Number of protein chains: 2
Amino acid sequence: MTIKDIARECGVGISTVSRVLNNKPDVSEEVRKKVLAAVETNGYIPNNSARDLVKSRSDAIGVVVRGTGNLFFSDMLKVIAAEIDRRGYDMILRFLATDEDEVKAGAILEREKKLRGLLFLGGRFNYTPAEMSLIGVPYVCCSYTNSFGTLRESDFSSVSIDDFKTAYEAVSVLIAAGHSRIAAFFDACDDHSISELRYDGYCAALKKNGIPVDPALVVQTGGFEMEDGYRSMKSLIESGAGFTAAFVEADMMAIAAIKALHDCHKRVPEDCSVIAIDGLKLSEYTSPTLTTMIQPGEEIARESVRILMDMIEKGIEGVHLRPEAHLRNGGSVCSRQL
Amino acid sequence: MTIKDIARECGVGISTVSRVLNNKPDVSEEVRKKVLAAVETNGYIPNNSARDLVKSRSDAIGVVVRGTGNLFFSDMLKVIAAEIDRRGYDMILRFLATDEDEVKAGAILEREKKLRGLLFLGGRFNYTPAEMSLIGVPYVCCSYTNSFGTLRESDFSSVSIDDFKTAYEAVSVLIAAGHSRIAAFFDACDDHSISELRYDGYCAALKKNGIPVDPALVVQTGGFEMEDGYRSMKSLIESGAGFTAAFVEADMMAIAAIKALHDCHKRVPEDCSVIAIDGLKLSEYTSPTLTTMIQPGEEIARESVRILMDMIEKGIEGVHLRPEAHLRNGGSVCSRQL
């Protein structure tokens, strides 16, 4: 079954069938319906290979995902895939472990696949111009930015929440509920990356309220996995450090931290309030429901692709968006009873 | 920086550098180290575009994922991506909603991208030869098979657990613990798909033990999402139907069902035991830890790619693997106190 057969069956020209299939104007409604009915009946599938062959360059967009255990990224990836597809580009996907170098992976992908653009889903916050000269196509930092780096704003784009501010707000929720012994869990506190920004936000919220930062309550988990959250919370409880609340920098780790609290016979929120950042659908189903700062993941994903397309097709320079995170009041935070 | 520069710097020929970069034998350890050091120092990235250009056909493998909320698939996808990449192929990825037609999507992808093979991650269990004639390249059904269809075994490959047997075993665990009022939650019971097989396994285990199937305890959730599991469990509790245990066909729904039990002031497992199928890492962190049948997801993913490659490269006919699921004893099942 070819486009010729469809045209013959409908008594119209090939170009008319093509116009219908490509949703072009100047076809009567009657003919449009007839053609679509014939396509449907015959199970005809348009063959775009010929069009592909005459293209002068690839329409491939590289997507490099760092941190494969990150559920927040899994959800965003579906939106990114759909948006890239909808715009007629191919997505070439690479998953990296958290400790792999996304810039080098992106550069290799660019050369191997003749990419038109790159979208980094997660990455370091400290790129230098020398390092990024490896990348010869427009790129967008999705869910992070260059806070600790030296790139010029015009040389790249980024879409992410303000990590410092979001952590500041989360910790402020705990302080407003009367807590002052607030434990905090970060991958690391000095990684020039997302965790350092969130650690800084935690410290700033405490200081603003006259609460000293107690190093005994700050835990570096050494990773974002659930086991990191579980192990770290358990160790802190066993250390005997007193605390009535915990700020955990990611939902997945917070879910595991709540499990550790339960396993140590601590009630949430009565014995320990818990707040996190992410807003995964999953964390609505913990008992109690997790109180967390919701990142607008769909918006971040969709805007990242839109901006990348504008850079590729319209030559637009660096664009930087900072969508707001919003508090979801679950049941994992309660007022401190004095 | 080109391969020539690396060769000149090391005082060896271009072909030697190439052998090192492609991990070929017959290069002395000393030379190998020297070349790798030069590559590292100079930040040289091998350019494979020329090789790509002379290829007579594409090396693209289509991966069509149905059911985007399925975490089990998210984990497998990473293994599939890595395996396809490791073997020198490109992965072209499409995410579909649960109600979209994976065969048509695969056929369109095949023509547009000139695929060498297709891997369906999730799909219907009732394909016909006429329907599959749309697909002109080797394909593997990953995590499902053709139980309700009419394909010849030699015409396709499949890798999945035995859904009937796994459900039978899960329900048998509850029966062995003394339960006879066992509620069960399925997407649907007559969908000619995974849920029907698991429903049949549930019924068979009951019958084998002389327990009648009570339709009031069988809930069709109308989906695999967490909200489907939550809503369905809540409705069943409110219906007043008495039950002491529940078999839920997927971990994600079971996690939400446990939340519904908690919200209705039912203790797990004291008031209701819960068992599921999947074995997500996530379900280790519910309170209590979910008792579930662990699917060997990594093995299913890896073997699916291996078999697809054998079909493409060696012309091997249909291969069908049924790896075993294994019980993980969590804390969500207890003996029925009479």
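Here, every reference points to the structure presented above.
Since this is a predicted model, take the numbers as computed values, not measurements.

Draft legend 1. The overall build of chain A, seen in detail. Each helix and strand in chain A was counted, giving 12 helices and 12 strands. Along the longest, intermediate and shortest principal axes, the C-alpha atoms of chain A span 85 × 45 × 30 Å. Residues classed as buried in chain A amount to 54% of the 338 residues present. Taking contacts inside chain A between residues at least 6 apart in sequence as the whole, the part at least 24 apart equals 68%. When the accessible area of chain A is evaluated, it comes to approximately 14400 Å², of which 50% is carbon and sulfur surface. With 39 positive and 48 negative side-chain charges, chain A shows a spacing of 5 Å between the two charge centroids.

Draft legend 2. Quick look at the pattern of salt bridges. Evaluated as defined, the whole model comprises 44 salt bridges over all chains. Linking Arg306(A) and Asp310(A) is a salt bridge whose minimum nitrogen-to-oxygen distance equals 3.3 Å. A residue pair is termed a helical-turn pair when its members lie 3 or 4 positions apart in one helix, as Arg306(A) and Asp310(A) do in helix α12 (residues 297-314) at four residues. Judged by relative accessible area, which is 30%, Arg306(A) ranks as partly exposed. A salt bridge links Lys314(B) to Asp310(B), with the shortest nitrogen-to-oxygen separation between them at 3.3 Å. Pair noted here: Lys314(B) and Asp310(B) are both in helix α12 (residues 297-314), with a separation of four residues, about one helical turn. What makes Lys314(B) exposed here is its relative accessible area of 60%.

Draft legend 3. Fine view of the nonpolar core. In terms of nonpolar packing, the biggest core is built from 164 residues, with Ile80(A), Tyr202(A), Phe247(A), Ile80(B), Tyr202(B) and Phe247(B) touching the most fellow members. The contact partners of Ile80(B), leaving out residues within four places of it in the chain, are Val63(B), Met91(B), Leu119(B), Leu121(B), Cys142(B), Ala301(B) and Val305(B).

Draft legend 4. Looking closely at the interface of chain A and chain B. With 44 residues of chain A in contact, the opposing surface of chain B contributes 43 residues. Across the interface of chain A and chain B, roughly 3900 Å² is buried in total on both sides, 57% from carbon and sulfur atoms. Inspection of the chain A/chain B interface yields six salt bridges. A salt bridge links Asp85(B) to Arg94(A), with the shortest nitrogen-to-oxygen separation between them at 2.8 Å. Our enumeration of links across chain A and chain B arrives at 14 residue pairs in polar contact (both at pLDDT 80 or more). Broken down by secondary-structure element, the contributors of at least two residues to the side of chain A that touches chain B are α4 (49-54), α5 (71-86), β2 (90-96), α6 (102-113), α10 (226-239) and α11 (251-263) of chain A. Tallying contributions element by element places α5(A) first for the side of chain A that touches chain B, with six residues. Tallied by class, the residues present in the side of chain A that touches chain B amount to 19 nonpolar, 11 polar and 14 charged.

What counts as what
Residues numbered from 1 in each chain as written. Chains lettered and ligands numbered in written order. Predicted model: local features only at pLDDT ≥ 70, side-chain atom pairs only at ≥ 80, totals over all residues. Heavy atoms only, no water. Helix = DSSP H or I, 4+ residues; strand = E, 2+ residues; numbered from the N terminus. Buried < 20%, exposed > 50% of the residue type's maximum accessible area, 1.4 Å probe, protein only. Contact = heavy atoms within 4.5 Å. Areas by Shrake-Rupley, 256 points an atom, 1.4 Å probe, with all protein chains shown as cover. Lys, Arg positive; Asp, Glu negative; His and termini not counted. Charge placed at Lys NZ, Arg CZ, Asp CG, Glu CD. Salt bridge = Lys/Arg side-chain N within 4 Å of Asp/Glu carboxyl O. Core = buried A, V, L, I, M, F, W, Y, C linked by side-chain atoms within 4.5 Å. Buried area = accessible area lost by both parts, 1.4 Å probe. Polar contact = N/O pair within 3.5 Å; in protein donor to acceptor, adjacent residues only side chain to side chain. Nonpolar A, V, L, I, M, F, W, Y, C, P; charged D, E, K, R; others polar.

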